[in-house]
Amino acid sequence: MLQPRQTAAPLTQHKCPDGPDVVISKVGQMTAPVTGYQRDTFTTAVTKNVIVMALCISINYINGTLVHTFRKHQILNSNPRYILFIHLVINDMMQLILSTLLHTISYALYKINVSFCLFLLIIAILTTLNTPLNLAGMAAECYIAICIPLRHGQICTIKKTYILIGLIWVASAFSILPDLFILLATEPLQFFHSKQFCARDFVFRSTYSQKKRNASHIVCLTLVWLTLFYTYFSILFVAKGATVDIKKARNTILLHGFQLLLCMLTYVRPMFEQGLLFILPQQYLAVRFACYVFVQILPRFVSPIVYGLRDQTFRRYVRRYLLCKATDDRGNMTFPYQLMLVRDTYITAFVKNMIVVLVWLILTYINGTLVATFFRHQTFYEDPRYILFIHMVINDAIQLTVTITLFVLSYIFYKINVSFCCFFILVAVFTTRNTPVNLASMAIERYIAICEPLRHAQICTVRRTHIVIGLIWFICVAPDITDLFVTLATESLSFFHGSVFCLRQNVFKDPILAYKRQVFDILYFSCVFLTLVFTYLRILFAARALSTEKMSAQRARNTILLHGAQLAMCMLSYISPSVEVVLHLIFPGRILEIRFANYLIVYILPRFLSPIIYGVRDKKFRRYFKMYLLSNRCRVKLQTVEPLDKDHM
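Residues numbered from 1 in each chain as written. Predicted model: local features only at pLDDT ≥ 70, side-chain atom pairs only at ≥ 80, totals over all residues. Heavy atoms only, no water.

**Considering the state of the cysteines**
Evaluation of the coordinates by the stated rule reveals two disulfides. Paired through a disulfide, Cys117 and Cys198 show a sulfur-sulfur distance of 2.0 Å. With the S-S dihedral at roughly 100°, the linkage between Cys117 and Cys198 falls on the right-handed side. Placement of the pair is Cys117 in helix α4 (residues 114-147) and Cys198 in the loop between β4 (195-197) and α8 (200-203), with a sequence separation of 81 residues. Both residues of the pair, Cys117 and Cys198, count as buried. The disulfide partner of Cys421 is Cys502, and the S-S distance across this bridge is 2.0 Å. (Disulfide = S-S within 2.5 Å. Helix = DSSP H or I, 4+ residues; strand = E, 2+ residues; numbered from the N terminus. Buried < 20%, exposed > 50% of the residue type's maximum accessible area, 1.4 Å probe, protein only.)

Next comes the structure, spelled out in structure tokens:
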């Protein structure tokens, strides 16, 4: 809420990159801003980030399918036109990922290390500058194909195309590298170790860099526009003799021009925003977000349209992968879940992947906030209880990321390289095994805190907690790493260069390994279950005897009950095949829906419990956790403006 100006206290002025100047008093109260200050609510911030992430994932899913199609078919990867196009697609993917990452960082962290920010900014700027130059190269290739068809094969070779791509990167580098050298020459070393809001104007602060940037943009875009105009009108005059191919080439260059116009919005964005703010003065943040979506994201939709949908040669191949189809050795069409003789439609597959990825983004955001809360407060990382908890949060985040990656890969590629698959499966298995053992350790810590309170500080030290975490990893890694050694000993080298549908039983195929796995599963869960039952009953009896700490004991008992619920959900992964068979008998025509629901309940839902146990229930953690979860977009570190001392002027 805005407060009246405080004249009694010294004032500091803070310029927020996403809002007007805000004046703040020494006691932290906001005074009336110059033009009115707005910030996103937590719900709005999450909604905006989810929209941006969803668009990024959707566009990159399509672009990734285009790249995969290009790589799989020689008719495409031996054609200069498609080589330039796929370079543009990869360049757009990099630019989109980086701009989305910077957008999310601006909400989650606000300021980051300058050196890391420089790395992100330089790549983002390079990929932004590459786009118009690549469009000019593609227009020139179309011009040669239509206007000089007899020399096209001689001029547009694969080698020359790759040289052109190299020159595009060099030309873009020459535009940004002088800014880096000026920065290194003018800024002190401490600046590179400090934290800044990661935007170009906040890092490259020299006025010379800004003038040089404007000049290079004008030169670059002028040359590209001249190239597009020349090629378009040359093809237009040839088109009077009108063939279908010539008309398509002319329309393609028109689309390049439209894409270039969208790229140019980056340079006129400030003026565009000011015009919209003049019309909608109370919608500052909404205007900025809309401009970001239209300028940084929507132009990336055009690349798939130009060739992915319009070009008949590319479209014929890309549909196979976009609709999650595959071919067998005879060239016949096969599908994921072929044993069930059913498959998802493209829309269903896309919706399922969107649901899974959105759930992952939400959980990762919450877990990331928990981790940030933990590391920013000494009271947490000196407490064994919270150390074990944050280890489980990080472990769950890794496990969730790996399983969702495998889920998405199963739709996009179906089969992946065995060596790559081995790495994913082992990480997923290790983190899955870690969870129940970590739960047992946390239950023991609660038991000591309630039943042996005088010895708690002596037994549960920070050093011993880290040793316990190391033992958890050793206990969970040692039995399952033997699967890898057995497979290395029994399978030929060619097996690891092949491709398989990435399931544990498809990689570690020895029957002995399956029996060993079942034995260790039973052993692990029996020990953990007995530990939880023992600690729960002991705390239950202690709660009846204690009077002063009765509420604490009851909370500890409820926590262990939640650990038990989480353990029960973890155990679902071992009985999920049997559950699927039973449900398939009841609903024989719904196997894909059963598999998807089973995946959500078994692999994703248990990860919701970790934030609930401490992030929501624990009062101490909740107080700090809300501070970051509901934080403002602009976090202001107060700096008091002292009056000038005339003796030191």
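From this point, things continue past the structure.
**Describing the environment of Val224**
Relative to the helices and strands, Val224 resides in helix α9 (residues 207-238). Given the relative accessible area of 2%, Val224 is considered buried. Spatially, the C-alpha atom of Val224 lies 5.5 Å from that of Ala136, the residues being 88 residues apart in sequence.

**Some points on the packing of aromatic side chains**
By the definition in use, this model includes 13 aromatic pairs. With 5.6 Å between their ring centres and 55° between their planes, Tyr447 and Phe534 make a pair best called tilted. In this pair, Tyr447 is assigned in helix α17 (residues 418-451) and Phe534 in helix α22 (residues 511-545), connecting sequence segments 87 residues apart. A residue is classified by how much of its surface remains accessible, and Tyr447, at 15% relative accessible area, is buried. (Phe/Tyr/Trp six-rings, centres within 6.5 Å; stacked < 30°, edge-to-face > 60°.)

**Overview of a nonpolar patch on the surface**
Taken together, the side chains of Phe529, Leu530, Val533, Leu537 and Phe541 present a nonpolar region at the surface, about 480 Å² in accessible area. Tracing the backbone through its elements, the reader meets Phe529 in helix α22. Taking relative accessible area as the criterion, Phe529 reaches 48% and is therefore assigned partly exposed. (Patch = residues over 30% accessible without salt bridge, like charges linked within 9 Å, V, L, I, M, F, W, Y side chains within 5 Å. Areas by Shrake-Rupley, 256 points an atom, 1.4 Å probe, with all protein chains shown as cover. Salt bridge = Lys/Arg side-chain N within 4 Å of Asp/Glu carboxyl O.)

**Describing helix α6 (residues 158-186)**
The end-to-end C-alpha separation of α6 is 43 Å, in line with the 42 Å expected for 29 residues at 1.5 Å each. In α6, a bend of some 35° at Phe174 exceeds every other bend along the element, and Pro178, a proline, comes one to four places later. Here α6 has its buried residues at Thr161, Ile165, Ile168, Ser172, Ala173, Ser175, Ile176, Asp179, Leu180, Ile182 and Leu183. Buried residues along α6 sit in contact with α3 (80-108), α4, α7 (189-193), α8 and α9. (Expected span 1.5 Å × (residues − 1). Bend = angle between axes of the 7 residues up to and from the residue. Contact = heavy atoms within 4.5 Å.)

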